[in-house]
Amino acid sequence: MQSTDLGSKESGKIWHRKPSPATRDGIIVNIIHNTSDYLPKVLRFLNAAFDSSGDCLIAGDHHGNIYVFDLCGNRFNLVQRTAQACTALAFNLHRKSEFLVALADYSIKCFDTVTKELVSWMRGHESSVFSISVHGSGRYAITTSSDTAQLWDLDTFQRKRKLNILQSVGIQKVFFLPLSNTILSCFKDNSIFAWECDTLVCKYQLPAPPESSNILYKVFAVTRDGRILAAGGKSNHIHLWCLEAKQLFRIIQMPTKVRAIRHLEFLPDSFDAGSNQVLGVLSQDGIMRFINIQTCKLLFEIGSLDDGISSSVISPHGRYIASIMENGSLNIYSVQTLTKEINKPPPPLVKVIEDLPKKKGNSGDLKVKVTSGRVQRPVKSRESKIQTRILKQDLTGSLEKKENELSDGLNKKRLQILLKGYGEFPTKYRMFIWRSLLQLPENHTAFSNLIDKGIHVAFLNLQKKYPIKSRKLLRVLQRTLSALAHWSTIFSDTPYLPLLAFPFVKLFQNNQLICFEVVATLIINWCQHWFEYFPNPPINILSMIENVLAFHDKELLQHFINHDVTSQLYAWPLLETMFSEVLTREEWLKLFDNVFSNHPSFLLMTVVAYNICSRAPLLNCKRKDDFEAVEDMQAEVDQQRAEDEAWCQKQELLHRAEEARREILLQEEEKMTQQRQRLAAVRRELKVKEMHLQDAARRRLLQLQQDQREMELRRLDDEIERKVHMRDREIAATAKDLEMRHLELESQKRLYEKNLSRNQEAVAKEMKENADAYRQKVDLEEHVFHRLIETDQTQNQKIRKWEEAEEKDFHLKSEKKTAALSDASRRWFLEKEIHDAQHPCDKGEPKYWNEQVASGCLPRTSQLNDISEMESLTQISLNQRKMHWDAMEQDLMERVRNLRQRLVTQAQNRCQTPHLLAT
């Protein structure tokens, strides 16, 4: 094991000679960091994380020094000094050179490993961040502390959402599920919720674990395909949840030496399509054990009791394990070295027993050697060499034997004999025999390089053309086809390649390396002449099939020719699908047992044989379309037959299972009966013991009660004495308090009396002042009232006198006018009589009248008629004035009454006011 001390260097080599890790521990290098201060000190590593390639590792110590270790380039670099301990690290951001680090001041910073500059500084947590989960796209990150989880946008480094919970619940971990937009949140009460990343809508909640498990989850791990969740805590049990079915499907019990689980991590495998089968379990003893979750077997372990592990991270491709040890150093393990013993091929199926050659000597010298593995021949004696011709024959035989010898001790001739006898290879060893027959190289490095190139552009939308219900099977097919396309460009344009590879992908879906190498070997050895007329079907191969058919069944070939059916219709569909659409699974496996065991031309003969076996329905077809209907019908018939056989097998298995369960039930019932009898006897013994114990307990209880009563009596006596003493002391204190209170009351009483007398004097003085002011106000109002009355009376008298004078003047003028009119009337009458007498013929007015009228002294004759009307108008005017004065008199009287009423009211109030003030 190599050890590297970083010291004060900022860059350098990780190791100085090519690492050769031992199989036992698998450690590539041990990295430590010692300071060169006056007192040497070891700087402890706290956290580590791999990038997406798996060949670059970032690690930080408790002084804030962050290093990047390039395991492929054998270089390390100091990329940042934060001056405070880091609590979490994360790589795999959208920009590959950036990484996130959570610091002891609860902040998160983003740095660039190339420029070594600060990219962003994110704040928002109020406690230490212990987990950072980055989305597969690198655009989002979730940081988790004990009280909250926050979702960040890594393009803008802005917080999108914040998850707040009750402090009594607490968060264990919040992280993204791989290959999805789902966030999984795990809380301290064992509740687990799944949320949609974009809308943060709750998708589902896992049911509560069974009460019998009695485990509080603390650590979690998810497979790369996001289907299985492993959870553990302070127990030696591990719960495996199926996230698709949302149920607990397995509980794994670790060895008894495991009391608590500190960390869980699935070991990735490039050939398992993300359905990881190996789980790393770090326990309280510092040992990380790797187990197979299907077989529940312990595969290997790292760490020891003396050199324990604090935490571990595994590279995405599963080649390296980086473990932070309890002593603060960093160990990097090689997974390939640790699994070397596990990945050995199984022992050979065929074991050969051979006799030693006969000797002329004593028969007791003969020995029989039993070996496993390659067939070993006994050493020939010198006597067996007879002549040159025989030696040549032996040489030819040895060449033939070498050709038939396969890896792992198998012999091709013997396998052919076995196949001819049984018609197929044993199901248990079929895959191993195929690998030996095809002599697969199992080149992990080359296949990993092809896989690392990603999905080929020709197969990005494979699911649209070939919809497959199983997502796992689709991903394996997509990866296998992409690897073939990266291996040879022609396969990216081969339309029938998915049909050819699908049956092998379905068979080897759990081992992608073997699947790829089987398909590649098949193409090289059995399909090597298929591409001479590419992109057209292989006319040369189809012509060979047609020639063979012509030799064995001319009638069938002539029937094909008569109906314009070419070999592209009756032979090529069988070849491009490798018979997978016309044979059941068992029949197809038997066929390829023979194909891989014989010459490559055997596959062409199989096509001819299939057509000859189907000659009866083929000869009945009279149109070209009928042949294509026959092909579909044959496929349906085969499928129906396979379904029927599967149903029958399933029914038989169910029947056997039912019988087995009935036997188990009978056995269990018998066991239960015996158990009940034993339990009844045990109950009787326990009942007797319980009665004795109850009697003894009752006696002890009575004695205890008596002692308690005596103690209570003594305690009551002490309490009474204490309370009597306290009462006397309280009485004395109360008496003193009462005296002081009495003195205080006396002083307050005198103070109140003094204040009262002072207030009474002020109130009396104020009342007197108010009464005088009110009296003066009343006198002033009375004086004003009397003057108002006098003024009104004087005005009334003046108005009456003035009206009487006007009335007298009017009467006088009226009388004068009336007298003048009467005199004028009499004078006019006399003159009229005189005029009439003197001038009897003249009917005009008298001269005197005319002169008076002209001068305005007398009215005209027409006006004399209006005198009576004027007199009547004068009388009307006098009546109206009289009514007006009567109304004015009434109004004045009403005002006088109101004023008197107001004075009376004020007088009453004046009488009541002193009483109110005195009160």
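We now turn to the structure provided with this report. (Residues numbered from 1 in each chain as written. Predicted model: local features only at pLDDT ≥ 70, side-chain atom pairs only at ≥ 80, totals over all residues. Heavy atoms only, no water.)

1. Considerations on the overall build of the protein
For the protein, the helix and strand inventory stands at 19 helices and 32 strands. Taken over 919 residues, the protein has a buried fraction of 36%. Intrachain contacts of the protein at a sequence separation of at least 6 include 51% that bridge at least 24 residues. If you sum the accessible surface of the protein, you get close to 57500 Å²; carbon and sulfur atoms cover 53% of it. (Helix = DSSP H or I, 4+ residues; strand = E, 2+ residues; numbered from the N terminus. Buried < 20%, exposed > 50% of the residue type's maximum accessible area, 1.4 Å probe, protein only. Contact = heavy atoms within 4.5 Å. Areas by Shrake-Rupley, 256 points an atom, 1.4 Å probe, with all protein chains shown as cover.)

2. Things to note about the packing of aromatic side chains
On inspection of all chains with the given rule, the structure shows 27 aromatic pairs. Where F91 meets F99, the ring centres are 6.2 Å apart and the plane angle is 70°; that geometry is what we call edge-to-face. The pair F91 / F99 is uniform in exposure class, with both members buried. Between W526 and F596, the ring centres sit 5.5 Å apart and the planes meet at 70°, which makes this aromatic pair edge-to-face. Here W526 is found in helix 9 (residues 512-526), whereas its partner F596 is found in helix 14 (residues 585-597), with 70 residues between them in sequence. Here the two residues W526 and F596 agree in accessibility, since each one is buried. Through a chain of ring-to-ring contacts, three or more aromatic side chains come together here, namely W434, F504, F508, W526, W588, F592 and F596. Positioned over the ring face of Y204 is K246, at 4.7 Å from the centre of the ring. (Phe/Tyr/Trp six-rings, centres within 6.5 Å; stacked < 30°, edge-to-face > 60°. Lys NZ or Arg CZ within 6 Å of the ring centre and 35° of its normal.)

3. With respect to the nonpolar core
Residues F504, L575, M578, F592 and F596 are the most contacted members of the largest nonpolar core, which totals 75 residues. Looking at this core, the element that brings in the most residues is helix 9, giving 10 residues. Contacts of F596, omitting those with residues within four sequence positions, involve W434, L437, L438, F504, V518, L522 and W526. Within the second largest apolar cluster, 22 residues are counted, among which are V29, L57, A322 and I332. (Core = buried A, V, L, I, M, F, W, Y, C linked by side-chain atoms within 4.5 Å.)

4. Quick look at unusual backbone geometry
In this structure, the amide linkage connecting F534 to the following residue, P535, adopts the cis form with an omega of 10°. Note that P535 resides in the loop between helix 9 and helix 10 (539-552). The backbone phi angle of C296 is positive, close to 55°, even though this residue is not glycine. Along the chain, the position of C296 falls in the loop between strand 26 (288-292) and strand 27 (298-302). The backbone of M578 shows a phi angle near 55°, a positive value even though the residue is not glycine.

5. Structural notes on the pairing of strand 8 (residues 86-90)
Strand residues, when the strand is regular, have side chains that alternate between the two faces of the sheet. By the criterion of burial, strand 8 is predominantly enclosed, with 4 of the 5 residues buried. Pairing geometry for strand 8 and strand 9 (residues 98-103), over 4 bridges, is antiparallel. Bridge pairing links C86 to L103 in strand 9. (Pairing = 2+ DSSP bridges.)

6. Examining the environment of F99
Looking at where F99 falls in the secondary structure, it is placed in strand 9. For F99, a relative accessible area of 0% puts it in the buried group. Remark: the alpha-carbon pair of F99 and V119, spanning 20 residues in sequence, is separated by 9.5 Å. Ignoring sequence-local partners within four residues, the contact set of F99 consists of I58, I66, V79, L89, A90, F91, L93, K109, C110, F111 and T113.

7. Remarks on the packing of helix 7 (residues 471-487) against helix 9
For the pair helix 7 and helix 9, the least separation of the axes is 10 Å and the interaxial angle reads 50°. Classified by the angle between their axes, helix 7 and helix 9 sit oblique to one another. The two elements helix 7 and helix 9 cross, and the hand of that crossing is right-handed. For the pair helix 7 and helix 9, contact is made by V476, R479, T480, A483, L484 and W487 and by Q512, C515, F516, V519, A520 and I524, respectively. The residue makeup of the contact of helix 7 with helix 9, split by class, is 9 nonpolar, 2 polar and 1 charged. (Axes fitted to C-alpha atoms, helices over the stretch in contact; angles between N-to-C directions. Parallel < 35°, antiparallel > 145°, perpendicular 65-115°, else oblique. Left-handed = near helix turned anticlockwise from the far one by under 90°. Nonpolar A, V, L, I, M, F, W, Y, C, P; charged D, E, K, R; others polar.)

8. A closer look at helix 14
Here helix 14 spans 18 Å end to end across 13 residues, near enough to the 18 Å set by a 1.5 Å rise per residue. The complete set of buried residues in helix 14 reads W588, L589, L591, F592, D593, V595, F596 and S597. (Expected span 1.5 Å × (residues − 1).)

9. So, the environment of K590
As for its position among the elements, K590 is in helix 14. Between the C-alpha atoms of K590 and L419, which are 171 residues apart in sequence, the distance is 9.2 Å.

10. Some words on the pattern of salt bridges
Applying the stated rule across the entire model yields 23 salt bridges. The salt bridge involving D155 is made with R139; its shortest N-O contact spans 2.9 Å. Of this pair, D155 sits in the loop between strand 14 (148-153) and strand 15 (158-164) while R139 is found in the loop between strand 12 (129-134) and strand 13 (140-145), placing the two residues 16 residues apart along the sequence. Residue D155 is classed as partly exposed on the basis of its relative accessible area of 32%. A salt bridge links E424 to R430; the nearest nitrogen and oxygen atoms lie 3.1 Å apart. Under the relative-accessibility criterion, E424 is labelled partly exposed at 27%. Because the salt bridges share partners, they merge into one network encompassing D285, R289 and E301. (Salt bridge = Lys/Arg side-chain N within 4 Å of Asp/Glu carboxyl O.)

Keep in mind these values describe shape, not function.
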